[in-house]
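# An overview of the molecular structure
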Amino acid sequence: MAVERTLSIIKPDATRRNLTGKINAVIEDAGLRIVAQKRVALTRAQAEGFYAVHKERSFFGELVDFMISGPVVVQALEGENAVATYREVMGATNPANADEGTIRKQFAESIEANSVHGSDSLENAAIEISYFFAQTEIVG
């Protein structure tokens, strides 16, 4: 197994309800380390750029509007098989289908307001982390 990095975003629905610490506890209990973290208010341009892969999808506008509706916490996570581990810890996109103990089962309000984002592959993790963090901001 290899030590990897992945991106986590704690979304506006969760920051609005002051859940950052509780979500971070779940992340850390899963054996992942937070090696970079900052709370930001995404601009429309930043959100559109980050989610550009979904630009042609019908939900793109609503997704961007949601992601700029309040602050988010962007994080680089590190650990063994970090991408797969974090995806398991997040749970299914639809919280109704998420396993007990996952972040989305515990904290998500809906499919759209599902509290967290995580990279879906090692390649995308590298792209997504570099979107938000300079290499000097990541401290292992």
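Anything mentioned here points back to the structure above.
Residues numbered from 1 in each chain as written. Predicted model: local features only at pLDDT ≥ 70, side-chain atom pairs only at ≥ 80, totals over all residues. Heavy atoms only, no water.

### Here we look at the packing of aromatic side chains
Counted under the stated rule, the structure contains four aromatic pairs. Ring geometry for Phe50 against Phe132: centres 5.2 Å apart, planes inclined by 45°, an arrangement best described as tilted. Note that Phe50 is positioned in helix α3 (residues 44-50) and Phe132 in helix α7 (residues 122-132), a separation of 82 residues in sequence. A single burial state applies to Phe50 and to Phe132, both of which are buried. (Phe/Tyr/Trp six-rings, centres within 6.5 Å; stacked < 30°, edge-to-face > 60°. Helix = DSSP H or I, 4+ residues; strand = E, 2+ residues; numbered from the N terminus. Buried < 20%, exposed > 50% of the residue type's maximum accessible area, 1.4 Å probe, protein only.)

### Considering the sheet that holds strand β1 (residues 3-10)
Strand order in the open sheet made by the four strands is β2-β3-β1-β4, with antiparallel pairing throughout. Where the open sheet ends on each side, the last strands, each with one partner, are β2 (33-40) and β4 (116-118). If you compare each strand with its neighbour and ignore which way they point, the axes differ by 20° on average. Strand direction decides the pairing type here: β1 and strand β3 (residues 72-80), joined by eight bridges, are antiparallel. Within β3, the residue paired with Ile10 across the bridge is Val73. Where helix α2 (residues 20-29) meets the sheet, it contacts β1, β2, β3 and β4, and its direction lies at approximately 160° from that of β2. Along the sheet, helix α5 (residues 82-90) makes contact with β1, β3 and β4, crossing β1 at roughly 35°. (Pairing = 2+ DSSP bridges. Axes fitted to C-alpha atoms, helices over the stretch in contact; angles between N-to-C directions. Contact = heavy atoms within 4.5 Å.)

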